[in-house]
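Listed here are the chains, written in short residue letters.
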Amino acid sequence: MADFDELRGEEWRRLLAAARRRLDRTGGEVAGSVALAHPTGDELRVLGRITSRTAAGRRSVVSLAELDGALRHDHGVGLRTALARLDRPGRPADVRTALEAAMRCRHAGEGWFTGWLGGLTRDGTARRLVQRGDGDLLGWAAAVLDRLPARDVPLPVLAEWATGDATALSGRPLAGLVLRALVLWQGAPPPVGREDEHRVWGDAGVLIDDLTSQVLVLGLRVREKHTVAGWLEDAAAAGMPFRLTLQQLVAGPVTPAGRRIHVCENPGVLRAAAAELGAGCAPLVCTEGRPSAACDRLLGTATRSRVRWRNDFDWAGLRLTAAATARYAAEPWRMTSEDYLDALKTGPGDPLEGPRAATPWDASLAATMAREDRAAREEWLLPALLADLREA
């Protein structure tokens, strides 16, 4: 491991503190520059080593890329890792010390954070971690939480930024500790399976996999002019469905251009719209169930468009619709009591399962569904949906 004694010297203190603040603003990306006002002689010598330029004057500037390169050359690690190791908590010998390390987090004192640490204490997790020599994981978990919420930060970058190890949050005990805190923070149910875990990370602004997260669209055009915009334009003109990845959405700005965006749950609706309407279909997004991180990213940029949203008529679908009205200011699309009864005329419907959901946009819908006790798929309203999607 590199010797960081030099980096703990006074001549490095302001520079590394400025770099840490800059990383906070960039979400961990080594980009941009920092400046030192009225640098001392020792600080000027450090800056000169980093930039190979003669530093002088009241204000000296160094790019984070130059600082990162100098640290790699002299200490064998980059800027994010160096800062994480300088902040590394000691290996605590008792539970109290481990909890004190965690309490250095900027969220300490918030209700969810107090509840998280209290839970780890009550169920014996903190004691077991210390007994097996992993008590420092509490401090590491707090260091990760210290950098959240983020803005589209890849998980390995977050891990390296907070701990100095890009793999620290990849299926390891540390990730479990952080997820346990995040569900309290978000007021979300504990994750069941990888999809739920990805959702929790995504709601905290962390990208798990920006290639496999996708969103299916039809007739979508955007305001920008770039490669992805060209692909969308060609697909819309041909009336062909298109899959956007989260990586494509993050790489460049993608702002939907339509006045309205319709959102459905089932790919069958989008497939039928492509077959019958083709290039004449209004912009349509398919969630394929719970919205993916890519879907969330796309709809989060649709601030100039009116989002019309629908799901299957079941309790889970109602909860997803209600969540969309809050998250995207969406309006329910053919999700009234009358629409539900019309859908039931087409299919028999399986019994409703799970706890009842509220329908604040139409109070009679939940009551009618409880009375009928049947689920209805959105495809059963397909003629009406296609009529709505037909561009004038």
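Residues numbered from 1 in each chain as written. Predicted model: local features only at pLDDT ≥ 70, side-chain atom pairs only at ≥ 80, totals over all residues. Heavy atoms only, no water.

K.L.:
Explanation requested: the overall build of the protein chain in the structure shown.
P.N.:
The number of helices and strands found in the protein chain is 19 helices and 10 strands. Overall size of the protein chain, expressed as C-alpha extent along the three principal axes, is 80 × 55 × 30 Å. Taken across its 392 residues, the protein chain has 49% of its residues classed as buried. Contacts spanning at least 24 positions in sequence make up 69% of the contacts within the protein chain whose residues lie at least 6 apart. Working note: accessible area of the protein chain is about 18700 Å², and carbon and sulfur atoms make up 50% of it. In the protein chain, 52 side chains carry a positive charge and 51 a negative one; their mean positions are 4 Å apart. (Helix = DSSP H or I, 4+ residues; strand = E, 2+ residues; numbered from the N terminus. Buried < 20%, exposed > 50% of the residue type's maximum accessible area, 1.4 Å probe, protein only. Contact = heavy atoms within 4.5 Å. Areas by Shrake-Rupley, 256 points an atom, 1.4 Å probe, with all protein chains shown as cover. Lys, Arg positive; Asp, Glu negative; His and termini not counted. Charge placed at Lys NZ, Arg CZ, Asp CG, Glu CD.)

K.L.:
What should I look at first to understand helix 5 (residues 95-102) in this one?
P.N.:
Note on helix geometry: an α-helix contains 3.6 residues per turn, so any two residues three or four positions apart are oriented the same way. All of the buried residues along helix 5 are Ala 98, Leu 99, Ala 101 and Ala 102. For helix 5, the angular spread of the buried residues around the axis is 155 degrees, confining them to a single face. Against the buried residues of helix 5 lie helix 6 (111-122), helix 7 (125-131) and helix 8 (136-146). Residue Asp 94 occupies the N-cap position of helix 5, its side-chain oxygen lying 3.2 Å from the main-chain nitrogen of Arg 96. (Arc of directions from axis to C-beta. Polar contact = N/O pair within 3.5 Å; in protein donor to acceptor, adjacent residues only side chain to side chain.)

K.L.:
Even after reading the chapter, I still don't get the sheet that holds strand 10 (residues 331-332), so can you show me in this structure?
P.N.:
Strand pairs in the sheet, formed through backbone hydrogen bonds, run parallel or antiparallel to each other. If you walk across this open sheet you meet the six strands as 6-5-8-7-9-10, and the pairing is mixed. Edge positions in the sheet fall to strand 6 (242-245) and strand 10, since each has one partner strand and no second. Packing against the sheet, helix 14 (residues 267-276) makes contact with strand 5 (214-218), strand 7 (260-264) and strand 8 (284-286), and its axis sits at approximately 35 degrees to strand 5. (Pairing = 2+ DSSP bridges. Axes fitted to C-alpha atoms, helices over the stretch in contact; angles between N-to-C directions.)

K.L.:
Which parts of the structure should I look at to understand the layout of surface pockets?
P.N.:
One water molecule sets the probe size; rolling that probe over the atoms shows where empty space is left. Taken as a whole, the largest pocket holds about 1200 Å³ of empty space. In this structure, the largest pocket is lined by 40 residues; those nearest its centre are Arg 199, Asp 203, Pro 291, Ser 292 and Ala 293. When residues of the lining of the largest pocket are traced back to their parent elements, those giving at least two are helix 11 (194-203), strand 4 (206-207), helix 15 (293-300) and helix 16 (315-327). Looking at the lining of the largest pocket residue by residue, the classes come out as 15 nonpolar, 13 polar and 12 charged. Each pocket or cavity is described by its volume, and for the second largest pocket that value is around 400 Å³. Surrounding the second largest pocket, 21 residues form its lining, Asp 87, Ala 142, Ala 143, Asp 146 and Arg 147 being those nearest its centre. Taken together, the elements giving at least two residues each to the lining of the second largest pocket come down to helix 1 (10-26), helix 8 and helix 9 (155-163). For the lining of the second largest pocket, the element with the highest residue contribution is helix 8, accounting for five residues. In terms of residue class, the lining of the second largest pocket is made up of 11 nonpolar, two polar and eight charged. (1 Å grid on protein atoms, 1.4 Å probe; cavity = no way out; pocket = protein on both sides within 12 Å on 5 of 7 lines; lining within 4 Å. Points joined across faces, edges and corners; volume = space filled by probe spheres on them. Nonpolar A, V, L, I, M, F, W, Y, C, P; charged D, E, K, R; others polar.)

K.L.:
Mind showing me how you'd approach empty space enclosed by the protein here?
P.N.:
Evaluation of the coordinates by the stated rule reveals one cavity of 30 Å³ or more. Considering only enclosed or pocket space, the largest cavity measures out at about 30 Å³ in volume. Taken together, Val 217, Leu 218, Gly 219, Leu 220, Leu 232, Ala 235, Ala 236, Met 240 and Phe 242 make up the lining of the largest cavity. Elements with a minimum of two residues in the lining of the largest cavity: strand 5 and helix 12 (227-238). Counting residues per element, the lining of the largest cavity draws most heavily on helix 12, at three residues.

K.L.:
Any chance you could explain the pairing of strand 9 (residues 306-309) here in plain terms?
P.N.:
Along any regular strand, the residues point their side chains to alternate faces of the sheet. In this sheet, strand 9 lies alongside strand 7 in parallel orientation, the contact comprising four bridges. Bridge pairing in strand 9 places Arg 260 opposite Arg 306. By the bridge criterion, two bridges tie strand 9 to strand 10 in an arrangement that is parallel. Counterpart to Trp 309 in the pairing with strand 10 is Pro 332. After leaving strand 9, the chain enters helix 16 and then returns to the sheet as strand 10, a path that is right-handed. (Right-handed = clockwise from strand over helix to strand, strands pointing away.)

K.L.:
Any chance you could explain helix 3 (residues 64-75) here in plain terms?
P.N.:
The terminal C-alpha atoms of helix 3 lie 16 Å apart, and with 12 residues this matches the ideal 16 Å at 1.5 Å per residue to within 8%. Those residues of helix 3 lying buried are Leu 64, Leu 67, Asp 68, Ala 70, Leu 71 and His 75. Buried residues in helix 3, looked at end-on, bunch into an arc of 165 degrees, giving them a common side. Residues Ala 65 and His 73 are exposed on helix 3 and point more than 90 degrees away from its buried face. For helix 3, the elements touching its buried residues are helix 1, strand 1 (33-37), helix 2 (41-51), strand 2 (59-63) and helix 4 (79-86). A positive backbone phi angle near 80 degrees is found at Gly 76, which sits one or two residues after helix 3. (Expected span 1.5 Å × (residues − 1).)

K.L.:
How should the nonpolar core be read in this particular structure?
P.N.:
One recurring pattern in soluble globular proteins: nonpolar side chains tend to sit buried together. Leu 15, Leu 145, Leu 169 and Trp 201 are the most contacted members of the largest nonpolar core, which totals 65 residues. Contact partners of Trp 201, with chain neighbours within four places excluded, come to Leu 155, Leu 158, Leu 169, Ala 175, Val 178, Leu 179, Leu 182, Val 206 and Ile 208. Formed by 31 residues, the second largest nonpolar core is a distinct cluster that contains Ala 274, Cys 286, Leu 344 and Ala 375. (Core = buried A, V, L, I, M, F, W, Y, C linked by side-chain atoms within 4.5 Å.)

K.L.:
Looking at this structure, I do not really get the side chain of Asp 339. What am I missing?
P.N.:
Of note, Asp 339 is situated in helix 17 (residues 337-344). Beyond its immediate chain neighbours, meaning those up to four positions away, Asp 339 contacts Phe 313, Arg 334 and Leu 381.

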